[in-house]
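Residue strings, one per chain:
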Amino acid sequence: MAKIRYIQAVEAAMREEMDRDPNVFVMGLDVEAGMSGTTVGMVKDYGKKRVIDTPLSELGYTGLGVGAAMAGLRPIIENDINSLQYLTMEQLVNQAGKLRYMTGGQVNIPLTVRIVASGGGGGMAAQHSDSTYAQLIHMGMKVVVPATPYDAKGLIKQAIREDDPVVIYEPGACYGVRGEVPDEEYTIPLGEADIKHEGTDVTVVAVGHLVNEAVKVAKNLEKEGISVEVVDPRTLFPLDTDTILKSVEKTGHLVVVDDGYRFCSFASEVAAIVADEAFESLKAPIKRVTRPQVPVPYSKVIEMSVLPGKDQIQSTILSLIKQKQNG
Amino acid sequence: MTLSLEEKRNLLEGMLMIRRFDERAATLVDEGEVTGEVHQYIGQEAVAVGISSVIRKDDAITSNHRGHGHVLAKGGDVNLMMAELGGRTTGYCKGKGGSMHITSLDLGIYGTNGMVGQGVPIALGAAFANNFKGNDNVTITYFGEGASNEGAVHESMNMAAIWKLPLIFVCENNQYAVSFNAKDSTSVENIAERGKGYGIPSIVVDGMDVFAVREAAKEAVQRARNGEGPTLIECKTYRYFGHFAGEPHVLKKPYRTDEEIESHRQNDPIERLKRHLVEEGVDEVEFAEMEAKVHEIIEDGVVFMKESPRPTLEAALEDAYAVEHKTMPVKGWA
Ligand SMILES: Cc1ncc(C[n+]2csc(CCOP(=O)(O)OP(=O)(O)O)c2C)c(N)n1
Ligand SMILES: [Mg+2]
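Residues numbered from 1 in each chain as written. Chains lettered and ligands numbered in written order. Predicted model: local features only at pLDDT ≥ 70, side-chain atom pairs only at ≥ 80, totals over all residues. Heavy atoms only, no water.

### Concerning the nonpolar core
Part 1 of the reasoning: Counting residues in each nonpolar core, the largest one holds 81 residues, and the members touching the most others are A:Phe25, A:Ile109, A:Phe266, A:Val274, B:Phe128 and B:Phe169.
Part 2 of the reasoning: At 9 residues, the largest contribution of residues to this core is made by helix H5 (residues 119-133) of chain B.
Part 3 of the reasoning: Formed jointly, this core draws a minimum of three residues from each of two domains, domain 1 (2-181) and domain 2 (194-326) of chain A.
Part 4 of the reasoning: Excluding anything up to four places from it in sequence, A:Ile109 contacts A:Val66, A:Ala69, A:Met70, A:Ala96, A:Leu99, A:Asp163, A:Asp164 and A:Pro165.
Part 5 of the reasoning: Residues B:Val54, B:Val78, B:Val205 and B:Ala224 belong to the second largest nonpolar core, which totals 58 residues. (Core = buried A, V, L, I, M, F, W, Y, C linked by side-chain atoms within 4.5 Å. Buried < 20%, exposed > 50% of the residue type's maximum accessible area, 1.4 Å probe, protein only. Helix = DSSP H or I, 4+ residues; strand = E, 2+ residues; numbered from the N terminus. Domains from an automatic or database assignment. Contact = heavy atoms within 4.5 Å.)

### Examining the interface of chain B and chain A
Part 1 of the reasoning: At the junction of the two partners, chain B supplies 41 residues and chain A supplies 49 residues.
Part 2 of the reasoning: Our enumeration of links across chain B and chain A arrives at 0 salt bridges.
Part 3 of the reasoning: Where chain B touches chain A, the interface holds 22 residue pairs in polar contact (both at pLDDT 80 or more).
Part 4 of the reasoning: Where the side of chain B that touches chain A is concerned, the elements lending two or more residues are H5 and helix H6 (151-162) of chain B. (Salt bridge = Lys/Arg side-chain N within 4 Å of Asp/Glu carboxyl O. Polar contact = N/O pair within 3.5 Å; in protein donor to acceptor, adjacent residues only side chain to side chain.)

### Some thoughts on the environment of A:Lys322
Residues and elements named next belong to chain A.
Part 1 of the reasoning: Along the polypeptide, Lys322 turns up in helix H12 (residues 310-326).
Part 2 of the reasoning: The exposed category is assigned to Lys322, whose relative accessible area is 51%.
Part 3 of the reasoning: Residues Lys322 and Ala159 lie 163 residues apart in sequence; the distance between their C-alpha atoms is 41 Å.

### Looking at the site of ligand 1
Residues and elements named next belong to chain B.
Part 1 of the reasoning: In the vicinity of ligand 1 there are 15 residues, among which His65, Arg66, Gly146, Asn174 and Tyr176 approach most closely.
Part 2 of the reasoning: In the environment of ligand 1, an oxygen atom lies 2.8 Å from a nitrogen or oxygen atom belonging to the backbone of Gly146.
Part 3 of the reasoning: For ligand 1, the accessible surface in isolation is 580 Å², of which the surrounding protein chains cover 74%.
Part 4 of the reasoning: Broken down by class, the residue content of the shell around ligand 1 amounts to 6 nonpolar, 6 polar and 3 charged. (Near = heavy atom within 4 Å. Areas by Shrake-Rupley, 256 points an atom, 1.4 Å probe, with all protein chains shown as cover. Nonpolar A, V, L, I, M, F, W, Y, C, P; charged D, E, K, R; others polar.)

### Focus: the packing of aromatic side chains
How two aromatic rings sit relative to each other is set out by the distance from centre to centre and by the angle between their planes.
Part 1 of the reasoning: Per the stated rule, a full pass over the model turns up 11 aromatic pairs over all chains.
Part 2 of the reasoning: A network of ring pairs unites the aromatic residues A:Phe25, B:Phe128, B:Phe132 and B:Trp163 as a single cluster.
Part 3 of the reasoning: Taking NZ or CZ as reference, A:Arg291 lies 5.1 Å from the ring centre of A:Tyr261, over its face.
Part 4 of the reasoning: Of note, B:Lys274 hangs over the ring of B:Phe287, and the distance from its end group to the ring centre comes to 5.3 Å. (Phe/Tyr/Trp six-rings, centres within 6.5 Å; stacked < 30°, edge-to-face > 60°. Lys NZ or Arg CZ within 6 Å of the ring centre and 35° of its normal.)

### Let's talk about the coordination of the magnesium ion (ligand 2)
Residues and elements named next belong to chain B.
Part 1 of the reasoning: In the first shell of the magnesium ion (ligand 2), the protein supplies Glu145 (OE), Asn174 (OD1) and Tyr176 (O), at 2.1 to 2.2 Å from the metal.
Part 2 of the reasoning: If you list the donors of the magnesium ion (ligand 2) from N- to C-terminus, the spacing comes out as E-x28-N-x1-Y. With Glu145 in the loop between strand E2 (139-144) and H6 and Tyr176 in strand E4 (residues 176-177), this pair connects stretches of sequence that are 31 residues apart. Just as Glu145 is buried, Tyr176 falls in that class too. (Donors = N, O, S within 2.8 Å, 3.2 Å for Na, K, Ca; no water.)

### Observations regarding the side chain of B:Ser202
Residues and elements named next belong to chain B.
Part 1 of the reasoning: The residue Ser202 is located in strand E6 (residues 202-206) in this model.
Part 2 of the reasoning: Engagement of the side chain of Ser202 in a polar contact is seen with the backbone nitrogen of Lys196, the distance being 3.4 Å.
Part 3 of the reasoning: A distance of 2.6 Å separates the side chain of Ser202 from the backbone oxygen of Ile200, its partner in a polar contact.

### With respect to the UniProt feature "domain: Transketolase-like pyrimidine-binding" (unreviewed entry) in chain A
Part 1 of the reasoning: Here the UniProt-annotated "domain: Transketolase-like pyrimidine-binding" (unreviewed entry) positions come out as residues 4-177 of chain A.
Part 2 of the reasoning: Along residues 4-177 of chain A the backbone is 40% helical and 18% strand, and the end-to-end C-alpha distance reaches 8 Å. (UniProt positions renumbered as here; feature names shortened; annotations may be inferred.)

### Brief notes about helix H10 (residues 266-277) of chain A
Part 1 of the reasoning: Helix length check: H10(A) (12 residues) gives 17 Å between terminal C-alpha atoms against 16 Å at 1.5 Å per residue, within 8%.
Part 2 of the reasoning: Its buried side turned inward, H10(A) meets helix H6 (133-138), strand E10 (202-206), strand E12 (235-237), helix H9 (241-251), strand E13 (254-261) and strand E14 (287-291) of chain A. (Expected span 1.5 Å × (residues − 1).)

### Section: the pattern of salt bridges
Part 1 of the reasoning: Considering all chains together, one arrives at 49 salt bridges over all chains under this definition.
Part 2 of the reasoning: Residues A:Arg20 and A:Glu17 are paired through a salt bridge, measuring 3.3 Å at the closest nitrogen-oxygen approach. Of the two residues, A:Arg20 and A:Glu17 both sit in helix H1 (residues 6-20), 3 residues apart, roughly one turn of that helix.
Part 3 of the reasoning: Residue classification places A:Glu17 among the buried residues on the basis of a relative accessible area of 1%.
Part 4 of the reasoning: A salt bridge links B:Asp319 to B:Lys96; the shortest N-O distance between them is 2.8 Å. Taken together, the residues B:Asp319 in the segment after helix H13 (284-307) and B:Lys96 in the loop between helix H4 (78-85) and H5 connect sequence positions 223 residues apart. Of the two residues examined, B:Asp319 and B:Lys96, each falls in the buried class.
Part 5 of the reasoning: Through salt bridges that share partners, A:Glu16, A:Glu17, A:Arg20, A:Lys153, A:Lys157, A:Arg161 and A:Glu185 make up one connected network.

### A closer look at the packing of H1(A) against helix H7 (residues 149-161) of chain A
All names here are of chain A.
Part 1 of the reasoning: Taken N-terminus to C-terminus, the directions of H1 and H7 make an angle of 30 degrees; their axes are 8 Å apart at the nearest point. Taken together, the axis directions place H1 and H7 in an arrangement best described as roughly parallel. Between H1 and H7 lies a crossing of right-handed hand. Residues Tyr6, Ala9, Val10, Ala12, Ala13, Met14, Glu16, Glu17 and Arg20 of H1 lie in contact with H7, whose contacting residues are Pro149, Ala152, Lys153, Ile156, Lys157, Ile160 and Arg161.
Part 2 of the reasoning: Among the residues forming the contact of H1 with H7, the class breakdown is 10 nonpolar, no polar and 6 charged. (Axes fitted to C-alpha atoms, helices over the stretch in contact; angles between N-to-C directions. Parallel < 35°, antiparallel > 145°, perpendicular 65-115°, else oblique. Left-handed = near helix turned anticlockwise from the far one by under 90°.)

This is the structure we're talking about:
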């Protein structure tokens, strides 16, 4: 067991898979130089053949990934800004996401796309601050958002091995997080949630860096006698609904925490699933903690005010508990 | 160029097969057997046939919405194509793709594609993979002059050039993107200029002359196999019918004159090759036999399609994922 940072876990996952399978390569902007911090020194170890700087052609290199994957390679495409996804959408959702189906199951597309430093909070203003996963799960694409070094390593390795396209969001707020990672090799299957903090009063389903914030809140509230269960779905699609439903059946209260904008968000989907399938267990309305429907502003004070965080998670939990006590 | 008479006959038969296939496909739309749109390749046959005559089965192509000709020339099976058009389970894509999305990895057909210009970066990826594996396969990507205005095409040209990938850009300039004339949509007269802008050897050929296309392709294929990088071949060509078979029903006001269409028909690639073959001693009886053979294959294809089953309703929920997960109830979601 070693304690490593999230960013190191990401790199270790890629390196192990590149060692294991000569068809894996990584491609993106400034990957040779290692600008994202996740590919530093890789070109020295794997050569320019497998660590490839691309021109600024996001749609084109994503399409390259689709074609190369159809031809039997396992591309890892790195997008070093979350919103580059918008430029790639045609190849990502309309080609990679649909071609297996459209060809009657003839072609597998084992493409991995990594979104480096997703989310806001870095003073980069609206065009660099999105968490764009809701768009992809809406389209049925496999999406992974690891919160810890352990999850990042295991899930990225599995994503690279998966015979379908998988998009991984690595929240910028997670990159500095440290955590235990086993020395032995392991992978984590997609579609399995993890309970990050056990509790009995309220279920919090959180995504990415907000899992870590929710755990802090849970520890805080423990001192006040409030028992919070934090469920980390880890994979947004396929979604481990069983674990979420079981938790809600136990607690009767649900808060869903998601760094996306509210409408048609991941949080909305979880709320809908629970309302559909565990309505009788609910003792209070489901609450969502999301961004409001405005872009992310630049100035620090207002930037943080639109991004979901600890305070909002805590106050939302407390509002439910108060209802419970009053009721 | 020394082509045997047999090889020339094969070129003619290949072009005839495409023409008759697409004529029949249009009537199947009218009969209601084929839904959606069918984009006929008629007039452009020399391009696909000329290109395919110099590549191997293990070479790859990507194609576009007007793809029947590319698929047939690459060895596409008429029965499986007809079945796909008819939405039958026996089709290339089990009836899930239709006319615009025929794919056969076995034949190196990395897909026709409904989104204009988007097959090009996929071909770039196939070429990248061949380069990566170190084999000598080439990839052909077919696209229209309209598609040459898509960013994906430009991005792909640049990447193919900087990495010297074994990719051949075949631009079929039929002068129209739906109703929009290339003169008004495009900043240069020849799309080949765009290839040159990326440092790609680029040529313009008469796309109604199967020999000219073949010669250009031969050189490009050789360069690609030798690791000398991409080539752009712009084929000046013309489509005789509407953008899609049903166009006359929706467009009352024509965007081109009958005289214009007729002037291109004078240059018909099939008639030109026939005249050439007559000079070489082939007679009408042989042409008639060839027609009869093509007719039979196509009609057999139609029968095959009509006798094939349509997909079961369950099939609608299958094939989206290679790996399904217990937490992914794809089947059963309504
Ligand atoms: C990205 C995209 N834009 C628009 C369309 C609608 N569309 C289909 S074919 C076509 C024209 C394409 O022209 P060109 O590339 O010259 O090919 P041609 O039809 O002439 O063979 C258009 C606009 C589409 N399918 N995809
Ligand atoms: Mg055109």
